[in-house]
Each structure stands twice: as C-alpha cells, then as structure tokens.
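Here's the letter readout for the chains.
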Amino acid sequence: MNASSQLRNVGMAALLAGGLLVAARGQAEWQEIVKLDFGSCEAALTNIENQVSLAKPDQHGVLEAKLLAILGDGAATMPAKQFACRMLRVVGSEKSIAPLAKLLGDEQLSHAARYALEAIGGDATGAALRDALAKTSGKARIGIIGSLGARGDRKAIPALGELVGDSDINTARAAIKALGRLGTADAAKALEARKIAKAVELCWFTARLACAEKLGKTGDEKIARRIYEDVLAKSELKQMRAGAFLGLVRLDPVCGIEPAMAALKGVDPVLGEAALPALLSLLPKAAVPVLTKELPALPAEKKIIALRALSAMQGIKPLGEELNACLSDANTAVQLAAVEAAVQLGNAQNVAVLVAKLADDGDLGKAAKQALTDLQRDGVADALVKAAGTGDQKIRVTVLAILADRRDPAVLPALYKLCSDENQKVRRAAVKAISALGDAADVGKLVGMLFASKDSGDRDSFASAISSIAARQPVVETRAFHVIEGLGKADDGGRVLLLGVLSALGGKPAYEATRGNLASTAADVKKAAVKALAEWPDAAPLDDLKNVVKTDTSDVNRILAMRGYIRLLAVSNVKNNKRVEAYKEMYALATRPQEKRAVFAGLADAPSVQVLEFLAGHLTDTDVKAEAQVTYLKIAEELIKPKKNEAKAALEKLLAITDDKNLRKRAENALKRIK
Amino acid sequence: MNTKLSRRNFLKLGAGAALAAPFVMTAKGAPAVVPPSKRIVMGGIGIGKMGSGDLRSFLNFPEVQMVAVCDVRKLHRDNAKAAVDQKYGNQDCKSYNDFRELLARDDIDAVHIATPDHWHAFMAIAAMRRGKDVYCQKPETLTIREGRQMVEAARQFGRVFSGGSQRVYGDHLDIAKKAWAGEYGAIKAVHVDCGMPPWNCNLPGEPMREDIDWDLWLGPAPWAPYNDKRCNGTFSINGTGWRSWRDYSGGGMTDWGAHRFGATMFITDMRLEGPTSITPPNGKDVQFLTYEFANGVKYYHKGGKGPVDVIGTPGERVPAKAMPHYKGGSGIYGDFVHCVQTRERPFRDIEFAHRTATVCHLGNIAYYLGRPLKWDPVKEEFPGDAQANRFLDRAKREPWAI
C-alpha cells in the first residue's frame, strides 16, 4: 500500500458518507486476492481493506461472508487467509469463530486466527480457544494460552492451572502469565497449587503479584495481602520484594505511611528504594504531615528524598518554615533539594531565604532563580518586589530579571517606582523588566519618562524599552503612535533616540514622521533621521536616501545614506535592470572604497551581461580590484548556462589579469565545464 | 479508613536484612569521574539508528557505565560495542542478539530501548519485571492496552520509566512558557501537525540477509517474509521502512505525533488526560480530525500555522502556573539519569507517554474506521462500541505474551 492509498483510506470516510462502495467494486478483486502472495494484488487489497474498515454495521455480514469464503477456499494461499483474518478482526462475528478455530492448530495461520478471535467477543470464542487448547501443542498452544489470558477467560483457569507445572518451560511460563493476567482469586489459587520449576520463578512471582494487584482493586484485600506478604517473605528477587512492599502500601495507604517511613529511614536497600515511589504516588495527603514532621530529624540523604517526595505530591499546602529550615540546612545538597522543591512547597514566607541564595554563583543560585521564577503563590510577587527594593545591587538586579521572567504585569507599578531608584543598575534593570511586561499603554508613559530623564544611559534604556514594547504590538500602522506623538514634544536629544525607535517599528506613519526630520536644522537630529531611514525595515526610504547622497553637505550623512540605499536596494522590488543602473549610479557617487565594495556585493545578486561589462571596467582599480574580480567571477559562473559565450570571454579575461590563485583555479574549472 | 493492615507484621517484614547503603544519591553537578560502585549500569536494546544516538548520549554521562548492547542485526551490535569499548578504552562491552539474555543480567540497573515500536511494550515490561529502569524511545506503545500495561508495571515495581521524546519539552518551549504563564488566556484549541496513519505492508519476500535474526525482528508481529523496506530504520515514512507499516508502527501519526501531541498536552497542561470524542474529517463540516476533551479544549490534527498552533482567548490572561522542567540539567537523558538516582518520576513519565500515544492511536483508529468515536479516558475504552474496542490491542504472535 502506498501514500496515495493511505490518503484514499483517510478520505474514504467522506466519499462513503452516503453509502458503501462494495457493490461497485465487483467480485474481481475478491477473486484476485484468493491467490494473494506477498507483493501482489496491491490495488485489490487496498480496496477491500477500505470497504471493510469503512463499512456500516449492516454491511458487515456481507463482507464477513466473503472473507469466510476465502478461509474455506482450498485454493486460497496462506497470505490470502492471513489477510482474511486481519479483516475478520474488523467485521467478524460469532459466525467466524468456528472457521477461525479450525486454523488454531495450523502453524502458519494460528496467529492470524487468534488475531481475529481475540477481537471477537463472547463466550463462544472462549469455548473455541479452550477446546483448541487440548488439541494443540507447541507454539500454537502457547499462543492460545496467551489469547485466553488476554481475553480474561475465567473458564480457562482450571486448564491453565494444569499447565503451570508443565514440563515444557515455555508452556508453563505462558500459563503462569495468563493466570497472572486473569488475576482472580481462582487464578491465584491455581498458581499456588502446582510446584514450579526454578526457571519460571520470576514469571511465577510476577503473576502472583499481578493477581494481588487485581484482587486488591476488586475488594479481595485479604487474599491480596496474603500474597504480598508471602512474596515479600519468600522471594529472593529484589524487584519482587519491592513490588510486594509497594503492593502492601498501596493496599492500605494510611497504614502504609508508617512502614513506608520506616523503610525510608531503614537500611534495607530494596525497601528503601521502594519507599520513595510509595510516598510519591501511593500515599494520600495524610502522609504529608507525617513526612513533614519527620523532615528535620532525617539524615541529610533521606531529607533530600523526603523533600522530593513531598514536592512531587499534588495540591499539598506549602511548608513555610519547615522549608526555610531545609533551605538553611548545614548540608548544601539538602539546601539544593529544598530550593528545587520550593516551586511546589514554597510560598511567600520562603522568598527572602530564596532571594539570599541568588548570591551563589553555582547550582544553588541558578536553582533559586528558577524557583523564584516558577513559584506561583499569593504574595510571592509582592515579596519579590520588596526584595528588589533594598539590599545588594547584584541581587536586586537579578530579582528584577526574575520579575520580568515571571511575566506578571501586576508588578508594573512597582517597577515604575524603581525607575527612579538611586542605583543606576537597578533603575535600568527595572526599565528592562518593564520592557518585558509592558503593553501599548506603557509606551506613552515611557516616552514621558525618557524626556524627564537627564541620564543618557537611562534614556537609552527607555528608548530600548519603548522599541521592544511597541514592536510587540500587532498593528504596524498604529504601534508607533505614542512615539510619533512624543517626537513632536521632544528636545533634540529625545528626538535622536525616538527616531532610532521609529526605524525599528516601521510602517507608513513612522516613515513619514522620520523623513520629516530630514529637514531639521539640528545636525544631530538630521543625522539620526538619515540613520533611521538607512536602517528602515523596508525599501520605502530609497528615494529619500538617494536624495541625501546627492545633496547633503555632510559626509557622514551621505555615507550613512549610501550604505542604507545599497542595503535597501537589495531587498527592494526594483527590477533587475533598474537596480543595476541604481547601483552604478551609487558607484559613481561613492568616494570611498568601502561603499564601492558594497555596490559590488549588491551587484553579485543581479547577474547579467550588463553587470559583467560594468565590472570589467574596474577589475584593475587598485582599491577595489579584489572585490571586483570575485564578483566578476561569480557572475561569469552563473552565466555559463544562459550566456555561455559571454561567460567564457569573461573567464578568459579574468585569467589574463588576475594573479589570485583561488580565483584562477575557479575560473579554469568553470572554463572546463563550458568545454 | 479501615486498619486491616497488620502494622506489626508489616513493619517486621519491612525491617528486612541489613545490607549495604540503600541509596545512590548524586547531587547536581556530579563529578567528572564517578566511582564505579556509584554508576548506573546500563544496557542498550535496539541500537541502530535512534538507538545508537541514545547510546552515545548516555555514554557522555560519567554517572553511567554502559556494559551491554543488543540488536538482532549483527552490524548494529558490532558498531555499538565498538563505540562503547572505544569510550572506555577496553573490550568489556558484551553484545547480544537476544534481549532476554541482556535482561537476565542482574548487574544491569537500567536499559534504553530503541527497537521498532512493536517490541517496546514487551521489552520494557520484561525489563521492569527484572527490576530495571527504562528509557524507551517514542512512540512508546503500539496499542493502547500495551501502554496501560507499561504504566502498571512501572508502578507495580516502582521503576523509573522515561519515554524518549526530547521534542515534547524542547521544540516548543516558547509556546509552553507562554501557555503556563497564562498569556494565551483560556486555551480553546490547538492545531497539531504530524504525519498520517500507517499502512498494511504487503511487500514481497527478498533473499534473507545473513546478519539479521528475522524471526526475532518480527517477534510478536504477524509473520511476514524478509524485505529490507519492511524493516529498514529510515526516518522516512513513505513505504521504505518499518515506520510506515501498521504491524510495527503507528505511522506518521505516532512518530511525530508522539512529539507534537505530547508537546500539546504539555502546553495545555493536560498531560494525563484523554479526549472524550474523536471525529475524523468528513468532507463536509469537519475539516480536520478533531479531538474534544471534557473541558471543552479541542485538538485538531493539522490545519494550523506551524507544527503546534495554539488558539487562546485574545485579550485574556489566566493565572500563571509553575511549569515542570527536566531535572538533572542535561536534557531528557540527564532527566532520566537524575531520576534513576533519586527515584523521582521523569518529565516524560510513562503515564504521560502512554496518554500521548493514546491520543495518536485514537486518531489512527478514527481514521481507519472513518467514523466519529466516543472515548472514556478513565476506563480507556470506547463506551458501547464493540468494534472500536477491538483495536485496543492485538494478539501477539506465539510464543510472545506480556
């Protein structure tokens, strides 16, 4: 079956909404698959499978009859019968049981028959499998045993019990597993009634524990407990002892607290290891007070385990002071475990202690930062704000970063207050946090703060925050509103910063506001406007920049404009031939080699004979010949197919003048390709 | 609550023989050289394409001592043994064709499994019954019943079981952070992009290769003749490898679905839940396979922008929740190593992995039957739908039985 057939299968639901296509397919495909071999009849298989899987219940009978006909056809191949069994798994009924049961002793088809029989419900299937149990041997019988277990056939227990002590180890193992899967009191009894071989001991204990699990859930706790206690006492297999211990705890979680705690504190390695899963998953909330109470008295290693157990429990109350005691434990590993558990077990009471850990440069500090970022309880944000207000500068800055990472805008008013803190780094960290949390409404506020600030570094921070927040606003045409409004009120220094912000935001209103400042008489403002347009996110300012290049008296402005023009030309929609002309024009206006080289870089993306001819005139210019030759070669290489002769001539010309070994090698290779 | 448990007897049983120190605790920042007695002794089963990657990853942990590799392909196990021996500078790594021999070793604490999917449940459960922790590649299950059996075995024996999808946490972390921070508001739906269901394999037989144990490769799957495209480990799901075929895999739906539906369940904090209905596209009013959960959230198979596309409530925020992370500091492998040492549950605990795989399997069943299905995520069955319930499990080829 291929990809198209798969899609056909998926889409068939829609196609068949009004009815089945069985009739339309005709008999030919059904006759074809009787002779099916692996690799043949692809289309027929696909169509029939689609018919079967998508059939409505009232059509199952017709399809079942056709599939049973294949099973009954003496000429049908093994793959054909295997396929029919697969399909009977989908639409087979009680009518299929007898024909399928006939195949149970067939070494080649026994599994295929069970594939369908396991799916078909009802006691008749069980009866057929039980009947076959007595008539089969070897692998076929082992498979049948497995199916009886998978179907939960209680009537099979006596027969399966007989096989527990079978001399064939694989048969005995299959019977034991099946009884374990059945898991009833009778199954447990059948398991215990026979002497078993050492080779099946693991399987036998596993099956007994499986019985105990099921019995514990169905109210037969007494039998379950007896099995667990017996396995715990008698098995030398550590996993069986652990399983039995866990089962006992699970059986009665309240009473299990004490032994689980004893195991946790004890020295038995098996039970010690099992205690944590018990505490983690089996015990109810009643275990928490006991565990919490024991916490201070536990040795460090167990304290860590207890903290992890508590933190993994869902919905428990914060520990508060007990957690603070662990956070301040003499053992660093306990401190670390306590910090890691703080997300689940902590609250506002623990914030101050956790904040103090931020001074640590290692794992403890990192974990504390993560815990404070993730800890979501009432009062935590307020406690962090308080911590950001006083103390060591480094910690205050980290706390502000945490407040930003917590993404809770409720702390914004407190952050604004910290924007006027005496400490410069704190002020700037507060602005940075605002930039992470702020919304459109904050832009205007920050513009006002930028104007009010006298510190150039702070002003840069405000500009950066304004830019970040505004850039997050989804509508390009309106997100610059507050910035443009501020531009009209700003002093020259403020305008310089806000023009930089506008270049990051883009959009028509921002563009118009920015180009308006090209007329400014203040040199810094004009320069900022040129720079902003040169860094514009789209090609809108091309004409403005060209005009600056041609008319401005400032070398700096002309260079900025030329660089911007060359950059924007590359991302513009200007057609290739016009773009080449524009590059050439810029080249003529350029006075420095840097801009000339930038022109070459732009031309490299516009390969044409016209460009080759232009570059040919500069291959030996002292300042730019290296870039001119590289670009010339790149374009010649790209023209090999569309303009073979021109490319060949260019490559030969380059070889005649260049002494760069790499370029020569590339040119020679290119010429070989042409030949 | 009754007090049927005999506390005295229980305590007596619990105070078993005093033996060596019970726990192997390694704090974060484990030393570069871990004493052999403190290392997690591991073996790898299925060490071809994904398995060799898992093997290399575990070899990088000083806390791990890899001692055995197993594969039914000789080339794979020879390559893996060479990699392990090269790492340790000795010839000590044992290689096995039959996983049962590897699992029988009492000195092995944990295994990583990266066979084709039809072997995952059998091997993982067998390993846990032998007291071993398990790291199993995704998709962890081939059928829904197998998944539940894997969860039960892990809980019954107190084993650590990590599913092997690093992309659940890592690929969409920004979206997850936003969701757990409440920034999407109430999440209404998620579009999930992953592949389609598998197909039946009807490839012809090819001459048998000498370096593969074909019967053991097939294991519990229906008998079929050898063909390279049947058993190839290619990641392509286009009829050229086992990931394409229903007998061995859930197809693209489980292959990438394990990652992306898993990520979606993480993002929506519904890791341990399941849908109550699954509706396949009908060419009319249902455009995409649709899962609906009891809380009203919908998952759509395909139809979004990007692999995982969250539809929240614009303009709304909901309270932030503490987002779970990997433990141990070194991705999903480090998470497993950490949890083996501490006995915690890993990020991709088997219950989460099983619930994810179930979502994928349910999609496959709905596509296959071409009709809407009701699902009971607690009982894990299709209520009143005998036909759909037939797809909860498959008969295993003899002599294999869980």
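Residues numbered from 1 in each chain as written. Chains lettered and ligands numbered in written order. Predicted model: local features only at pLDDT ≥ 70, side-chain atom pairs only at ≥ 80, totals over all residues.

## Structural notes on the overall build of chain B
Consideration 1: The helix and strand tally for chain B stands at 15 helices and 12 strands.
Consideration 2: Summarising its shape, the C-alpha atoms of chain B cover approximately 65 × 60 × 45 Å along the three principal directions.
Consideration 3: Sorting the 402 residues of chain B into buried and exposed places 55% on the buried side.
Consideration 4: Put simply, of all contacts in chain B between residues at least 6 apart along the chain, 71% involve residues at least 24 apart. (Helix = DSSP H or I, 4+ residues; strand = E, 2+ residues; numbered from the N terminus. Buried ≥ 20, exposed ≤ 12 C-beta atoms within 10 Å, placed from the backbone. Contact = placed C-beta atoms within 7 Å.)

## Some remarks on the overall build of chain A
Consideration 1: If you tally the helices and strands in chain A, you get 42 helices and zero strands.
Consideration 2: The globule rule puts the C-alpha radius of gyration for 675 residues at 26 Å, and the 40 Å found for chain A is more than 25% above it.
Consideration 3: Projected onto its principal axes, the C-alpha coordinates of chain A cover approximately 105 × 75 × 55 Å.
Consideration 4: Considering chain A as a whole, with its 675 residues, one finds that 50% of them fall into the buried category.
Consideration 5: The contacts of chain A with a sequence gap of at least 6 include a subset with a gap of at least 24, amounting to 64%. (Rg over C-alpha atoms; globule rule 2.2 N^0.38 Å.)

## With respect to unusual backbone geometry
Backbone phi values are negative for most residues with the exception of glycine, while trans is the configuration of most peptide bonds.
Consideration 1: Residue P139 of chain B is reached from K138 of chain B by a cis peptide bond, and omega for that bond is -15°.
Consideration 2: Summarising the element assignment, P139 of chain B is placed in the loop between β5 (133-137) and α6 (144-157).
Consideration 3: Cis geometry is found at the peptide bond from E398 of chain B to P399 of chain B, where omega equals 10°.
Consideration 4: Along the polypeptide, P399 of chain B turns up in the segment after α15 (386-389).
Consideration 5: The phi torsion at C41 of chain A lies on the positive side, around 55°, for a residue other than glycine.
Consideration 6: With respect to the helices, strands and loops of the structure, C41 of chain A is situated in the loop between α3 (28-33) and α4 (42-53).

## A look at the nonpolar core
Consideration 1: Of all hydrophobic cores here, the largest spans 324 residues; its most connected members are L179, L384, I466 and V483 of chain A together with A124 of chain B.
Consideration 2: Among the elements that line this core, the one with the most residues is helix α14 (residues 350-369) of chain B, at 12 residues.
Consideration 3: When residues no more than four places from it in sequence are discounted, the contact partners of L179 of chain A are I157, L160, A187, A190, L191 and A207 of chain A.
Consideration 4: Membership of the second largest hydrophobic core comes to 11 residues, among which are V72, W199, L218 and A221 of chain B. (Core = buried A, V, L, I, M, F, W, Y, C linked by C-beta atoms within 7 Å.)

## Some thoughts on the domain arrangement of chain B
Residue and element names in this part refer to chain B.
Consideration 1: Domain boundaries in chain B define domain 1 (29-166) and domain 2 (168-197 + 253-392).
Consideration 2: Relative placement of domain 1 and domain 2: their C-alpha centres are 26 Å apart.
Consideration 3: Each partner contributes to the interface: domain 1 provides 28 residues, whereas domain 2 provides 31 residues.
Consideration 4: Elements represented by at least two residues in the side of domain 1 that touches domain 2 include exactly α2 (49-59), β5, α6 and β6 (161-164).
Consideration 5: Ranked by residue count, the leading element in the side of domain 1 that touches domain 2 is α6, at seven residues.
Consideration 6: Counted by class, the side of domain 1 that touches domain 2 contains 13 nonpolar, eight polar and seven charged residues. (Domains from an automatic or database assignment. Nonpolar A, V, L, I, M, F, W, Y, C, P; charged D, E, K, R; others polar.)

## Focus: the sheet that holds β5 of chain B
Residues and elements named next belong to chain B.
Consideration 1: What the six strands build is an open sheet, ordered β3-β2-β1-β4-β5-β6; its pairing is parallel. This sheet does not close on itself; its edge strands, each paired only once, are β3 (94-96) and β6. Across this sheet, the average inter-strand angle for adjacent strands is 20°, counted without regard to direction.
Consideration 2: When strand β1 (residues 40-45) meets strand β4 (residues 110-113), the two strands line up parallel, connected through four bridges. Within β4, the position partnered with G43 by the bridge is V111.
Consideration 3: Against the sheet, helix α13 (residues 331-342) makes contact with β1, β2 (64-70), β4, β5 and β6, and its axis sits at roughly 175° relative to β6, the strand it touches most. (Pairing = 2+ DSSP bridges. Axes fitted to C-alpha atoms, helices over the stretch in contact; angles between N-to-C directions.)

## What about the packing of helix α12 (residues 169-182) of chain A against helix α13 (residues 185-192) of chain A?
All names here are of chain A.
Consideration 1: Contact geometry for α12 and α13: axes closest at 8 Å, N-to-C directions at 150°. The angle between the axes of α12 and α13 places the two elements in the roughly antiparallel class. In the packing of α12 onto α13, the handedness of the crossing is left-handed. Each of I176, L179 and L182 in α12 lies in contact with α13, whose residues at this interface are A187, A190 and L191.
Consideration 2: A breakdown of the residues in the contact of α12 with α13 according to their chemical character gives six nonpolar, no polar and no charged. (Parallel < 35°, antiparallel > 145°, perpendicular 65-115°, else oblique. Left-handed = near helix turned anticlockwise from the far one by under 90°.)

## Thoughts on the confidence of the model for chain A
Consideration 1: Averaged over every residue, the pLDDT of chain A is 89; residues scoring 70 or more account for 95%.
Consideration 2: This model gives residues 1-25 of chain A a pLDDT under 50, and the stretch forms 46 contacts once residues within four places in sequence are excluded. (pLDDT = per-residue confidence, 0-100.)

## Quick look at helix α15 (residues 221-234) of chain A
Consideration 1: Between its terminal C-alpha atoms α15 of chain A stretches 20 Å, which fits the 20 Å expected from 14 residues at 1.5 Å a residue.
Consideration 2: Of the positions making up α15 of chain A, those classed as buried are A224, R225, I227, Y228, E229, V231 and L232 of chain A. (Expected span 1.5 Å × (residues − 1).)

## Considering helix α9 (residues 123-135) of chain A
Residues and elements named next belong to chain A.
Consideration 1: Counted at 1.5 Å a residue, the expected span for α9 with its 13 residues is 18 Å, and the 19 Å between its end C-alpha atoms agrees.
Consideration 2: All of the buried residues along α9 are T125, G126, A128, L129, A132 and L133. Angularly, the buried residues of α9 cover 160° about the axis, an arc narrow enough to put them on a single face. Every exposed residue of α9 that faces more than 90 degrees away from the buried side is listed here: D123, A134 and K135. (Arc of directions from axis to C-beta.)

## Quick look at the sheet that holds strand β8 (residues 277-279) of chain B
Residues and elements named next belong to chain B.
Consideration 1: Reading across from one edge, β11-β7-β10-β9-β8-β12 is the order of the six strands in this open sheet, with mixed pairing throughout. What marks the edges here is a single partner per strand, and that holds for β11 (308-311) and β12 (373-374).
Consideration 2: Relative to β11, strand β7 (residues 189-192) runs antiparallel, the two being bridged by four bridges. Residue pairing across strands places V190 opposite V310, the latter belonging to β11.

## Examining the environment of G448 of chain A
Residues and elements named next belong to chain A.
Consideration 1: Locating G448 in the fold gives a position in helix α29 (residues 440-452).
Consideration 2: Residue class for G448 comes out partly exposed when judged on the 14 C-beta atoms lying within 10 Å of it.
Consideration 3: Measuring from C-alpha to C-alpha, the distance between G448 and F462 comes to 9.5 Å, with 14 residues separating the pair along the chain.

## Thoughts on the pairing of strand β10 (residues 298-301) of chain B
Residues and elements named next belong to chain B.
Consideration 1: Both β7 and β10 contribute to a ladder of four bridges, which runs parallel. Within β10, the residue paired with H191 across the bridge is Y300.
Consideration 2: Relative to β10, strand β9 (residues 289-292) runs antiparallel, the two being bridged by four bridges. Along β10, the bridge assignment pairs E292 with K298.

## Overview of the environment of A570 of chain A
All names here are of chain A.
Consideration 1: As for its position among the elements, A570 is in helix α36 (residues 555-571).
Consideration 2: Accessibility expressed as a C-beta count within 10 Å gives 17 for A570, which makes it partly exposed.
Consideration 3: Excluding residues that lie within four positions of it along the chain, A570 makes contacts with G602 and D605.

## Observations concerning the confidence of the model for chain B
Residues and elements named next belong to chain B.
Consideration 1: Within chain B, residue pLDDT values average 90, and 91% of them lie at 70 or more.
Consideration 2: Between residues 1-32, whose pLDDT stays under 50, and residues either more than four places distant or in other chains, the model counts 62 contacts.
Consideration 3: The ipTM, which scores confidence in the relative placement of chains, is 0.91 for this predicted complex, and the corresponding pTM is 0.73.

## Some remarks on the pairing of β9 of chain B
Residue and element names in this part refer to chain B.
Consideration 1: In this structure, β8 lies alongside β9, joined through three bridges in antiparallel fashion. Within the sheet, the bridge partner assigned to S277 lies in β9 and is E292.
Consideration 2: With antiparallel pairing between neighbouring strands as the criterion, β9 and β10 make up a hairpin whose turn holds five residues, including G296 at a positive phi of roughly 95°.

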